[in-house]
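Descriptive structure summary
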Amino acid sequence: MISLLPQKMGVEEFGPFTTIGISEGDKLIAGAVYHRWRQFDCELTFAASSPKWCRKGVLKALFHYPFVQQGLERMTLIIGENNPRAIKLNTGLGFRIEGRARKAYDGKHDAFVLGMLKDECKWIKEIKVG
């Protein structure tokens, strides 16, 4: 599995967190960690070992949790500039590049800060709550 986290990051840097795992049969193929909770925002870190996780129902569930269940107004991603595939995937999902933090990813590479607002999220538009 390819991790999006610098190797030195441990649980203590996450603070309180929630995870969602995506499996194929009995094999875990992807995982989402929602962490660094703030009143209206959280950070999302994601890793996958297979592209088979990326299905419409999975995407709806991954966005439903923070925006509908937790009532957040935005989500934030931090992605290293050395991971163009992750940047392309996440901008395709609807995240917008909001800034660049110099050498913030691993001390060597810049990091992009991406964000998505609840009212921009196409993955929860079809979900009826109540």
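Presented here is an overview of the structure given in this document. Predicted model, so just to flag it, every value in this text is computed and none were measured.

Of all eight residues that make up strand β3 (residues 41–48), seven are buried, and the element is covered over most of its length. Two strands pair when backbone bridges link them, and strand β2 (residues 27–35) and β3 are joined in this way by six bridges, in the antiparallel orientation. Looking at the pairing, Ala32 lines up with Phe46 of β3. With antiparallel pairing between neighbouring strands as the criterion, β2 and β3 make up a hairpin whose turn holds five residues, including Arg36 at a positive phi of roughly 50°. Here β3 runs beside strand β4 (residues 74–80); their pairing, made up of three bridges, is parallel. Paired with Glu43 across the two strands is Thr76, which belongs to β4. Considered for its hand, the β-α-β crossover made up of β3, helix α2 (residues 56–69) and β4 is right-handed.

The strand order across the open sheet formed by six strands is β1-β2-β3-β4-β6-β5, and the pairing between neighbours is mixed. In the strand order of this sheet, the two ends are held by β1 (18–24) and β5 (96–101), each with one partner. Recorded for the sheet is a direction-independent mean angle of 25° between the axes of neighbouring strands. Sitting on the sheet, α2 is in contact with β1, β2, β3, β4 and β6 (111–117), with an inclination near 170° to β1. Sitting on the sheet, helix α3 (residues 84–93) is in contact with β4, β5 and β6, with an inclination near 160° to β4.

Attention now moves to the pattern of salt bridges. One pass over the full model with this rule turns up eight salt bridges. Through salt bridges with shared partners, one network takes in Arg38, Asp41, Arg74 and Glu98.

Cut-offs applied
- Residues numbered from 1 in each chain as written.
- Predicted model: local features only at pLDDT ≥ 70, side-chain atom pairs only at ≥ 80, totals over all residues.
- Heavy atoms only, no water.
- Buried < 20%, exposed > 50% of the residue type's maximum accessible area, 1.4 Å probe, protein only.
- Helix = DSSP H or I, 4+ residues; strand = E, 2+ residues; numbered from the N terminus.
- Pairing = 2+ DSSP bridges.
- Right-handed = clockwise from strand over helix to strand, strands pointing away.
- Axes fitted to C-alpha atoms, helices over the stretch in contact; angles between N-to-C directions.
- Contact = heavy atoms within 4.5 Å.
- Salt bridge = Lys/Arg side-chain N within 4 Å of Asp/Glu carboxyl O.

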